[in-house]
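A closer look at the structure
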Amino acid sequence: MSQLEKIQSEYEKFPEEFQSVIISTVNTQGIPNSSYAPYVMDDAKNIYIYVSGLATHTKNLNVNPDVSVLFIEDEAQTNQIFARRRLSFDCTATLIERETDKWNQIVEQFQGRFGQIIEVLRGLADFRIFQLTPSEGRFVIGFGAAYHISGDNLHQLVQLTGDSNQKPG
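Below: a short report on this structure. (Residues numbered from 1 in each chain as written. Predicted model: local features only at pLDDT ≥ 70, side-chain atom pairs only at ≥ 80, totals over all residues. Heavy atoms only, no water.)

Quick notes on unusual backbone geometry
A positive phi angle, close to 75°, is found at Lys-45, a residue other than glycine. Mapped onto the secondary structure, Lys-45 falls in the loop between β2 (32-41) and β3 (47-52). Residue class for Lys-45 comes out buried when judged on its relative accessible area of 4%. Of note, the phi angle at Glu-99 is positive, near 65°, even though the residue is not glycine. For Glu-99, the location among the structural elements is in the loop between β5 (86-96) and α3 (101-114). (Helix = DSSP H or I, 4+ residues; strand = E, 2+ residues; numbered from the N terminus. Buried < 20%, exposed > 50% of the residue type's maximum accessible area, 1.4 Å probe, protein only.)

Some remarks on the nonpolar core
Of all hydrophobic cores here, the largest spans 27 residues; its most connected members are Ile-47, Ile-49, Val-69, Phe-89, Leu-132 and Phe-139. No other element matches the four residues that β5 contributes to this core. Ignoring any residue separated from it by four or fewer positions in sequence, one finds Leu-132 in contact with Ile-23, Lys-45, Asn-46, Ile-47, Ile-49, Val-67, Val-69, Cys-91, Thr-92 and Ala-93. Formed by twelve residues, the second largest nonpolar core is a distinct cluster that contains Ile-106, Ile-118, Phe-127 and Ile-129. (Core = buried A, V, L, I, M, F, W, Y, C linked by side-chain atoms within 4.5 Å. Contact = heavy atoms within 4.5 Å.)

Remarks on helix α1 (residues 3-13)
Among the residues of α1, those classed as buried are Ile-7, Gln-8 and Tyr-11. All buried residues of α1 lie within an arc of 105° about the axis, which places them on one face of the element. Where α1 is buried, its residues contact β5, β6 (127-142), β7 (145-150) and β8 (153-159). (Arc of directions from axis to C-beta.)

Here it is as structure tokens:
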């Protein structure tokens, strides 16, 4: 297995290390908010969050669908605090309508992953499911080891060179 294949494999497995994702949203005045939400992910790298309608991030998503997500290595697990492994995606949020086939399918995935609490949340009318569809991203595994992820193929990493932090292309 080549070095790139090893990194590619690490990228594919990295989100599985987490039960929640850090989300950054923006309100209508442009004020950012960072929060987190438990999530499930499909094979196309869409991220689904099940969140309260009362939460700031949910209110922000209702008015501005642009959201950034971050998976980041635990500080206690990292060898170098300045180079924690991390995966970020720029996404667009779409509300999944309650009680549709897709909504029920996603709720079942949440129940399979998080258990009985989902039955409680399912009964709360203010809880909503958003699909966060990535357009691009970045996977960093250390100093000088950053990879761009394009919306054209979210399964393919492209190494960023040291002389450019620009997107390839």
